[in-house]
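# Inside the fold
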There are 2 protein chains.
Amino acid sequence: MKLSDLGEFGLIARFASRFLERLPAGTTGIGDDCAVLPWTKDRRLLVTTDMLVEDVHFLRAAIPARDLGYKSLGVNLSDIAAMGGRPLSAFLSLGIPGGIDVGWLDAFFRGIRDLAAAESVSLLGGDTTKSPGPLVINIAVLGAARPGKIKFRSGARPGDGIFVTGSLGDSAAGLRIVLEKRPRGRDEAALVRRHNRPRPHLPEGAWLAGRKAVTAMMDVSDGIDSDLRRILERSVCGAAVNLDALPLSALLRRAARKYGWDERELAVTGGEDYCLLAAVRRDAAAETAAAFERAFGRPLVRIGTIMAAGDGLRYFAGGRPAALRRRGFDHFRPKG
Amino acid sequence: MKLSDLGEFGLIARFASRFLERLPAGTTGIGDDCAVLPWTKDRRLLVTTDMLVEDVHFLRAAIPARDLGYKSLGVNLSDIAAMGGRPLSAFLSLGIPGGIDVGWLDAFFRGIRDLAAAESVSLLGGDTTKSPGPLVINIAVLGAARPGKIKFRSGARPGDGIFVTGSLGDSAAGLRIVLEKRPRGRDEAALVRRHNRPRPHLPEGAWLAGRKAVTAMMDVSDGIDSDLRRILERSVCGAAVNLDALPLSALLRRAARKYGWDERELAVTGGEDYCLLAAVRRDAAAETAAAFERAFGRPLVRIGTIMAAGDGLRYFAGGRPAALRRRGFDHFRPKG
């Protein structure tokens, strides 16, 4: 069988089952943003790891080394945020191709340190090797969370509101500006920066994890079309998403108008927003959103409702069903 | 500056210093086989990570997928053994090139599970992505150790005996058999197996970690010529190694005779033995070796003595100084 027939999520499902049979007590493994391990009475250990490969996840010529360092750590911290945790330490493995010099690496490490210092994360180890092919960056991050305050993907129930903690599509627009080599005005530069230096929503994640009404949470890495499906699979639910409610930044709207892009498609399938996607119990949804806005001065935006499993994931616009042009990103399927 | 001017260890030294300034209390970072983090009163958390890149660390056509899975986990467990720890869980990131099919991955995961099951290690997470170049395998392993019973590279003192827990050079001979495409008789197959499925010396590491007289420990991954230098740098010492005392297996001796190889060169610079290298206080050296042999039914072999820093690393044979042909493996320097 070819890998492309299986897809990334099929691959994970195929192999995960063989390793989940002997999980130690108090441990949660494959299938969420982080693994959760027993630690002390009032702390759990979170572990996440992400591999970024040149020409798959980034184009080396298109992202400054410092931004790439920042982002490589950022995507991992976002996984910690998605569980409601606090990051502690990071471990970096680098496969370095011949064309990279010490100046490039200096800037790359400066980018890692920018974010590590801001979030009090220690880089405690790693591995360096040469690569005969692409630059390969693997970061593993350890974090801590309170036992009763960890959010998984599996807790959503029909009736829950679906919320996001930030605007969607900016990062995808930034990537498109890079790929289409658009001239960089102020708007374009800001969107590219959203793509290159995503802020992990750690305070938002910790805040949401502290609310009992939040039933499921994950970060938006592949686009909500793909990510929400992960929540729906794990929670055995469906969902209705209102495309009219998607939080789109003024930056994105202006760029979409200027270049003739479909801003909703970017918001739903673009990915790499690294804000959080959360389900909140129906009876507490409005109050949670209001409290979030008081805490952060920005809205927690409701984009839809969790439905029964048979409903699948459906989109609506103007009160009528709407179809999407393409699916979220899956590393083993050709992009449509 | 080019990376090749700096070398792998120079690279690590250059960047490590920037991250070690803000280490949390009770934490040891870059520069040993594992990072050590606070956990409970009577436990420390060990973390290690290794990246294996196709055509740098292995040739995909030359190692069965199941062996490669086994070895990928094994080299990480060896780092846990080197600190005296017990491995708990593993996190696997895979960058998968187009030519790999599901059958290959099935075998690879079977190999990981062979060793994970034998050592009670849980595979708890990871990441999979496609790679436009080589197959890339990154594994991070968490382990546990008792606070007073963790061995570092930095504790060796002049006069200490230098010991190894297993024979040296078998793995290098196995690799040479593969590279030179030698016909596989029983001896050759056994040596190739030593290269492909190295056993991490976890029981030996835990035993040695329990002895106060053991002052420094690490695993033999790059060859003792390179690895012993790491201990000497961290301990600010020199060493004298007696080439006549190197533990060479009958397998290695026969293969070296048959193919005209220098068995000592393979033993000293070949690497990937994944046994342990330890320094033991002079006054307890003989007793420790005797107790090890009673415990394991195999000798703990003394190969030399820790000297003052000014002495550097010197080799002796027949009581006279001896020179080595080449240095241990350094990923950013061409192999001589």
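Along every chain, residues carry numbers that run from 1 in the direction the sequence is written. Chain labels run from A onward and ligand labels from 1 onward, assigned in the order the entries are written. Restriction of local features to residues with pLDDT of at least 70 applies here, the model being predicted, together with a cutoff of 80 or more for giving and counting side-chain atom pairs; totals for whole chains, interfaces and linings are based on all residues. Calculation of side-chain values draws on the structure's entire complement of heavy atoms; hydrogens and water are dropped beforehand.

### A closer look at the overall build of chain A
Numbered from the N terminus, helices here are DSSP runs of H or I no shorter than four residues, and strands are runs of E no shorter than two. Within chain A, the secondary structure is distributed over 10 helices and 12 strands. Burial classes follow relative accessibility: with a 1.4 Å probe on protein chains only, a residue under 20% of its type's maximum area counts as buried, one over 50% as exposed, and anything between as partly exposed. Residue burial in chain A is summarised as follows: out of 336 residues, 60% are buried. Contact definition: two residues touch when any of their heavy atoms are within 4.5 Å. Contacts in chain A between residues far apart in sequence, at least 24 positions, make up 83% of those at least 6 positions apart. Residue exposure ignores everything except the shown protein chains as possible cover, and the areas themselves are Shrake-Rupley values with a 1.4 Å probe. Summed over all atoms, the accessible surface of chain A reaches about 13,100 Å², with 50% contributed by carbon and sulfur.

### A word on the packing of aromatic side chains
Ring pairs (aromatic) are described by centroid distance and by the angle formed between their planes. All names here are of chain A. Ring geometry is summarised as follows: Phe, Tyr and Trp rings, the Trp one being its six-membered ring, pair when their centres sit within 6.5 Å, and such pairs are stacked at plane angles under 30 degrees, edge-to-face over 60 and tilted between the two. This structure, assessed with the given rule, holds 12 aromatic pairs over all chains. Ring centres of W207 and F296 lie 6.2 Å apart, and the angle between their planes is 75°; on these two criteria the pair is classed as edge-to-face. In this pair, W207 is assigned in helix α6 (residues 202-209) and F296 in helix α10 (residues 285-296), connecting sequence segments 89 residues apart. Pairing Y259 with W261 gives two aromatic rings, centres 5.0 Å apart and planes at 35°, and the pair type is tilted. One aromatic cluster in this structure is built from W104, F108 and F109. One Lys or Arg, R197, reaches over the ring of Y70 and ends 4.2 Å from the middle of that ring. Two thresholds decide whether a charge sits over a ring: the Lys NZ or Arg CZ must be within 6 Å of the ring centre and within 35 degrees of the ring normal.

### With respect to the state of the cysteines
Disulfide: a covalent bond formed between the sulfur atoms of two cysteine residues. Residue and element names in this part refer to chain A. Disulfides are defined as pairs of cysteine sulfur atoms found within 2.5 Å of each other. Under the defined criterion, the tally for this structure stands at 0 disulfides over all chains. Here C275 stays free of any disulfide, with the sulfur of C34 as its closest cysteine sulfur at 16 Å. Looking at C275, the relative accessible area reads 1%, which means it is buried.

### Remarks on the sheet that holds strand β3 (residues 86-96) of chain A
Residue and element names in this part refer to chain A. Strands sit in the order β1-β2-β5-β3-β4 across an open sheet of 5 strands; the sheet is mixed. Each end of this open sheet is capped by a strand with a single partner; those strands are β1 (35-40) and β4 (122-130). Averaged over neighbouring strand pairs, the angle between their axes works out to 20° when direction is ignored. At least two DSSP bridges between two strands are required for those strands to pair. Two elements, β1 and strand β2 (residues 43-53), share 5 bridges in a ladder whose sense is antiparallel. Considered in β2, the bridge of L37 is made with L45. Sheet contacts for helix α2 (residues 65-83): β1, β2, β3 and β5 (136-145); angle to β5, the most-contacted strand, approximately 35°. To obtain each axis, a line is fitted to C-alpha atoms, and for helices this fit is confined to the stretch in contact; angles are then taken between N-to-C directions over 0 to 180 degrees.

### Notes on the pattern of salt bridges
One speaks of a salt bridge when a side-chain nitrogen belonging to Lys or Arg is within 4 Å of a carboxyl oxygen belonging to Asp or Glu. Per the stated rule, a full pass over the model turns up 40 salt bridges over all chains. Taking the shortest distance from any N to any O, the salt bridge between R253(B) and E263(B) comes out at 3.7 Å. One end of the pair, R253(B), is in helix α8 (residues 250-259); the other, E263(B), is in helix α9 (residues 263-269), with 10 residues separating them in the sequence. Here the residues in one salt-bridge network are R66(A), D67(A), D114(A) and R197(A), joined through shared partners.

### Things to note about the side chain of D67(A)
Residue and element names in this part refer to chain A. Inspection of the secondary structure puts D67 in helix α2. With a relative accessible area of 13%, D67 lands in the buried category. Side-chain polar atoms of D67 contact the side chain of R197, separated by 2.9 Å. Residue contacts for D67: discarding those within four places in its chain leaves N196 and R197. We define a polar contact as two N or O atoms separated by no more than 3.5 Å, with the added condition that, inside protein, one atom must be a possible hydrogen donor and the other a possible acceptor, whereas residues neighbouring each other in sequence contribute only through side-chain atom pairs.

### Considering the sheet that holds strand β7 (residues 214-219) of chain B
Residue and element names in this part refer to chain B. Strand order in the open sheet formed by 7 strands is β7-β9-β6-β10-β8-β11-β12, with mixed pairing between adjacent strands. Strands with a single pairing partner mark the edges of an open sheet, and in this sheet they are β7 and β12 (320-322). Strand-to-strand twist across the sheet, computed as the mean angle between neighbouring axes with direction ignored, equals 30°. The sheet contacts of helix α7 (residues 224-235) involve β6 (161-164), β7, β8 (238-242), β9 (276-280), β10 (301-307) and β11 (313-317), and relative to β7 the element is tilted by about 140°.

### Some thoughts on the environment of G270(B)
Residue and element names in this part refer to chain B. Relative to the helices and strands, G270 resides in the loop between α9 and β9. Sequence separation between G270 and R176 is 94 residues; the distance between their C-alpha atoms is 9.6 Å. Contacts of G270, omitting those with residues within four sequence positions, involve A172, D222 and E265.

### Description of the confidence of the model for chain A
The predictor rates its confidence in each residue with pLDDT, a number between 0 and 100. Averaged over every residue, the pLDDT of chain A is 91; residues scoring 70 or more account for 88%. Across the interface, the model reports ipTM at 0.87; the global pTM reads 0.90.

### Some points on the packing of α2(A) against helix α3 (residues 102-118) of chain A
Between two packed helices, what matters for the description is the angle formed by their axes and the separation of those axes. Residues and elements named next belong to chain A. Where α2 meets α3, the closest approach of the two axes is 6 Å, and the angle between their N-to-C directions is 40°. By the criterion of interaxial angle, the relationship of α2 to α3 is oblique. Between α2 and α3 lies a crossing whose hand is right-handed. Along the contact surface, α2 presents A65, R66, L68, G69, Y70, S72, L73, G74 and L77, while α3 presents W104, A107, F108, R110, G111, I112, D114, L115 and A116. Residues of the contact of α2 with α3, tallied by class, amount to 11 nonpolar, 4 polar and 3 charged. The scheme is simple: roughly parallel for angles under 35 degrees, roughly antiparallel for over 145, roughly perpendicular for 65 to 115, oblique for anything else. Put simply, a crossing is left-handed when the front helix is turned counterclockwise from the back one by less than a right angle, and right-handed when it is turned clockwise. Here the nonpolar group is Ala, Val, Leu, Ile, Met, Phe, Trp, Tyr, Cys and Pro; Asp, Glu, Lys and Arg are the charged ones; every other residue, Gly included, is treated as polar.

### Observations regarding the packing of helix α4 (residues 170-179) of chain B against helix α5 (residues 186-196) of chain B
All names here are of chain B. Packing of α4 against α5 leaves a shortest axis separation of 7 Å and a crossing angle of 110°. Taken together, α4 and α5 sit at an angle that is classed as roughly perpendicular. By crossing handedness, the relation of α4 to α5 is classed as left-handed. The segment α4 lies against α5, with D170, S171, A173, G174, L175, I177 and V178 engaging E188, L191, V192, R194 and H195. Here the residues of the contact of α4 with α5 are counted per class, giving 6 nonpolar, 3 polar and 3 charged.

### Here's the deal with the pairing of strand β10 (residues 301-307) of chain A
Residue and element names in this part refer to chain A. When strand β6 (residues 161-164) meets β10, the two strands line up antiparallel, connected through 4 bridges. Residue pairing in the sheet places V164 in a bridge with V301 of β10. In the sheet, strand β8 (residues 238-242) pairs with β10 via 4 bridges, with the strands oriented antiparallel. Counted as the bridge partner of V241 is G304 from β10.

### Thoughts on the side chain of K71(A)
All names here are of chain A. Topologically, K71 is positioned in helix α2. Using a relative accessible area of 6% as the deciding quantity, one classes K71 as buried. Once residues within four sequence positions are removed from consideration, K71 is found in contact with I63, H195, N196, P198 and E272.

### Describing unusual backbone geometry
Residue and element names in this part refer to chain A. A positive phi angle, near 55°, is found at S120, a position not held by glycine. Positionally, S120 belongs in the loop between α3 and β4. A positive phi angle, near 50°, is found at V236, a position not held by glycine. In this fold, V236 is placed in the loop between α7 (224-235) and β8. We classify V236 as exposed; its relative accessible area is 61%.

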